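# Notes for the structure review
Read off the chains here:
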Amino acid sequence: MKLLLAIVQDKDSNRLSSELIKSNIRATKLSSTGGFLRAGNTTFIVGIEDERVDEVLQVIKETCQSREQFVTSPVTFDLSMDPHSSYPIEIQVGGATVFVMPVEGFHQF
């Protein structure tokens, strides 16, 4: 048995939740915050049999696509030392970060 922690952008969380339900995969959703943008994320906790890990990873991969987004950079100093000269930068957002860990025991009461 494995424990998967999948951290996805809030924008993808409802769709991922629906896809996991369609695939008969149980998951617990937790709100989380972090990353470069300190944006809202959702962490999915999935306990799954070893032989279904690839299936879960495929559902996550197909549902949570990364994309490019423009954001205003944090306050920076240009050569004139003007702290108000921030500019938009393009970054990659979305996708998923997934941790797969072995489970020593599982109990459901």
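The structure displayed is predicted, hence computed values, not measured ones.

Next up on the list: the overall build of the chain. Helix and strand counts for the chain stand at two helices and six strands. The linear arrangement of helices and strands in the chain, starting from the amino end, is β-α-β-β-α-β-β-β. Taking contacts inside the chain between residues at least 6 apart in sequence as the whole, the part at least 24 apart equals 67%. Carbon together with sulfur atoms contributes 53% to the accessible area of the chain, which is approximately 7,700 Å² in total.

Membership of the largest hydrophobic core comes to 14 residues, with the highest contact counts inside it found for Leu16 and Ile48. Among the elements of the structure, strand 1 (2–9), helix 1 (10–22), strand 3 (39–48) and helix 2 (53–63) are those that each provide at least two residues to this core. In terms of residues, this core owes the most to one element, helix 2, which gives four residues. Once residues lying within four places of it in the same chain are set aside, the contact partners of isoleucine 48 are Met1, Lys2, Leu4, Ile25, Val53 and Val56.

Across the interface, helix 1 lies against helix 2 with an axial gap of 10 Å and an inter-helix angle of 145°. The handedness of the crossing between helix 1 and helix 2 comes out as right-handed. Residues Asp12, Arg15, Leu16, Glu19 and Leu20 of helix 1 form the contact with helix 2, whose own contacting residues are Val59, Ile60 and Thr63. A per-class count over the contact of helix 1 with helix 2 returns four nonpolar, one polar and three charged.

Moving on, we get to the pattern of salt bridges. Taken as a whole and assessed by the stated rule, the structure comprises four salt bridges. Put simply, lysine 2 and aspartate 50 hold a salt bridge, and the shortest N to O gap is 3.8 Å. Here aspartate 50 lies in the loop between strand 3 and helix 2 and lysine 2 lies in strand 1, a separation of 48 residues in the sequence. What makes lysine 2 partly exposed here is its relative accessible area of 25%.

A few words now on the side chain of arginine 52. Along the chain, the position of arginine 52 falls in the loop between strand 3 and helix 2. In terms of polar contacts, arginine 52 uses its side chain to reach the side chain of glutamate 55, at 2.9 Å. Here arginine 52 is in contact with Ser23, Asn24 and Ile25, once residues within four sequence places are set aside.

Here we take up helix 2. All of the buried residues along helix 2 are Val53, Val56, Val59, Ile60 and Thr63. With its buried residues spanning 130° around the axis, helix 2 presents them on a single face. Of the exposed residues in helix 2, the ones pointing more than 90 degrees away from its buried face are Asp54, Lys61 and Glu62.

For the rest of this paragraph, the subject is the side chain of asparagine 41. Counting through the fold element by element, asparagine 41 comes out in strand 3. Asparagine 41 sits in the buried class, given a relative accessible area of 15%. Filtering out sequence-adjacent residues up to four positions away, asparagine 41 remains in contact with Ile7, Val8, Gln9, Asp10, Leu30, Ser31, Ser32, Thr33 and Gly34.

Conventions we followed
Residues numbered from 1 in each chain as written. Predicted model: local features only at pLDDT ≥ 70, side-chain atom pairs only at ≥ 80, totals over all residues. Heavy atoms only, no water. Helix = DSSP H or I, 4+ residues; strand = E, 2+ residues; numbered from the N terminus. Contact = heavy atoms within 4.5 Å. Areas by Shrake-Rupley, 256 points an atom, 1.4 Å probe, with all protein chains shown as cover. Core = buried A, V, L, I, M, F, W, Y, C linked by side-chain atoms within 4.5 Å. Buried < 20%, exposed > 50% of the residue type's maximum accessible area, 1.4 Å probe, protein only. Axes fitted to C-alpha atoms, helices over the stretch in contact; angles between N-to-C directions. Left-handed = near helix turned anticlockwise from the far one by under 90°. Nonpolar A, V, L, I, M, F, W, Y, C, P; charged D, E, K, R; others polar. Salt bridge = Lys/Arg side-chain N within 4 Å of Asp/Glu carboxyl O. Polar contact = N/O pair within 3.5 Å; in protein donor to acceptor, adjacent residues only side chain to side chain. Arc of directions from axis to C-beta.

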